[in-house]
Amino acid sequence: MNISKKGIELIKRFEGCRLEAYKDIVGVWTIGFGFTKGVKAGDRMTMEECERRLTDELREYEAGVLQACAVYPNQNQFDALVCFAWNVGIGGMSQSSVLKHHNNKDTLNAMKAFALWNKAGGKVVQGLVNRRAAEAALYFN
């Protein structure tokens, strides 16, 4: 299973695309569509490089979501879970109440659990509130 265009657009909408490395809200060096692996101060990318890297890195997240799901997700659920994992990491997604409820076939509580992941650095961040609402809406759609 692969993330759909709808899921990719959700990631792009909330990550944005920065062509020069920057420190995110918790101080992690980031570039492109939220890439953090191997990023350091002064790094630059072209838009084409960002698109290629997104395609390449998404494969790991797709595989991670599928491995964590005891209950096979539908396309919208899969897209939402990959977007969620992209932001919180495969480990975070795998240990989350979102996945626990999904694997218990409790889609309503899985949808509600996205909202619990709204903090960065211990503080509620409106961008994460908005992102989790969009992921939950896609998951439950």
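### Quick notes on the overall build of the protein
Now for step 1: Helices and strands together make up the secondary structure of the protein, namely six helices and four strands.
Now for step 2: Beginning at the N terminus, the succession of helices and strands in the protein can be written as α-β-β-α-α-α-α-β-β-α.
Now for step 3: For a compact globule of 141 residues, the expected C-alpha radius of gyration is about 14 Å, and the protein comes in at 15 Å, within 12% of that figure.
Now for step 4: On the principal axes, the C-alpha backbone points of the protein span a range of 45 × 35 × 20 Å.
Now for step 5: Scored against the burial criterion, the 141 residues of the protein give a buried share of 44%.
Now for step 6: If you take every contact in the protein between residues at least 6 apart in sequence, the share linking residues at least 24 apart comes to 55%.
Now for step 7: Distance between charge centroids for the protein: 6 Å, based on 19 positive and 15 negative side chains.

### Notes on the packing of aromatic side chains
Now for step 1: A full pass over the atoms with the stated rule returns six aromatic pairs.
Now for step 2: Between phenylalanine 33 and phenylalanine 35, the aromatic rings sit 6.3 Å apart at their centres with planes inclined by 85°, giving edge-to-face as the arrangement. Neither phenylalanine 33 nor phenylalanine 35 differs from the other in exposure class; each is buried.
Now for step 3: Members of the aromatic cluster, joined through ring pairs, are Phe33, Phe35, Tyr61 and Trp86.
Now for step 4: A cation over an aromatic ring shows up here: arginine 18 above the ring of tyrosine 22, its NZ or CZ 3.8 Å from the ring centre.

### Section: the packing of helix α3 (residues 75–94) against helix α6 (residues 126–140)
Now for step 1: Two elements in contact, α3 and α6, have axes whose closest approach is 7 Å; the angle formed by their N-to-C orientations is 155°. The pairing of α3 with α6 is recorded here as roughly antiparallel in orientation. In contact with Asn76, Gln77, Asp79, Ala80, Leu81, Cys83, Phe84, Trp86, Asn87 and Val88 of α3, α6 contributes Leu128, Arg131, Arg132, Glu135, Leu138 and Tyr139.

### Things to note about the environment of alanine 21
Now for step 1: Within the secondary structure, alanine 21 is located in strand β1 (residues 18–23).
Now for step 2: Each C-alpha atom of the pair alanine 21 and alanine 41 lies 5.9 Å from the other, and the pair is 20 residues apart in sequence.
Now for step 3: In this view, alanine 21 contacts Trp29, Thr30, Ile31, Val39, Lys40, Gly42 and Asp43; residues no more than four positions away in its chain are not counted.

### A few points about the nonpolar core
Now for step 1: Of all hydrophobic cores here, the largest spans 34 residues; its most connected members are Phe35, Val65 and Phe114.
Now for step 2: Here this core gets nine residues from one element, more than from any other, and that element is α3.
Now for step 3: Leaving out residues up to four positions away in the same chain, phenylalanine 114 has contacts with Ala80, Leu81, Phe84, Val98, Arg132, Glu135, Ala136 and Tyr139.

### Some details on the side chain of glutamate 57
Now for step 1: Inspection of the secondary structure assignment puts glutamate 57 in helix α2 (residues 47–68).
Now for step 2: A distance of 2.5 Å separates the side chain of glutamate 57 from the side chain of arginine 53, its partner in a polar contact.
Now for step 3: When sequence neighbours within four positions are dropped, the list of residues in contact with glutamate 57 reads Phe35 and Trp86.

Each value, and the rule that gives it
- Residues numbered from 1 in each chain as written.
- Predicted model: local features only at pLDDT ≥ 70, side-chain atom pairs only at ≥ 80, totals over all residues.
- Heavy atoms only, no water.
- Helix = DSSP H or I, 4+ residues; strand = E, 2+ residues; numbered from the N terminus.
- Rg over C-alpha atoms; globule rule 2.2 N^0.38 Å.
- Buried < 20%, exposed > 50% of the residue type's maximum accessible area, 1.4 Å probe, protein only.
- Contact = heavy atoms within 4.5 Å.
- Lys, Arg positive; Asp, Glu negative; His and termini not counted.
- Charge placed at Lys NZ, Arg CZ, Asp CG, Glu CD.
- Phe/Tyr/Trp six-rings, centres within 6.5 Å; stacked < 30°, edge-to-face > 60°.
- Lys NZ or Arg CZ within 6 Å of the ring centre and 35° of its normal.
- Axes fitted to C-alpha atoms, helices over the stretch in contact; angles between N-to-C directions.
- Parallel < 35°, antiparallel > 145°, perpendicular 65-115°, else oblique.
- Core = buried A, V, L, I, M, F, W, Y, C linked by side-chain atoms within 4.5 Å.
- Polar contact = N/O pair within 3.5 Å; in protein donor to acceptor, adjacent residues only side chain to side chain.

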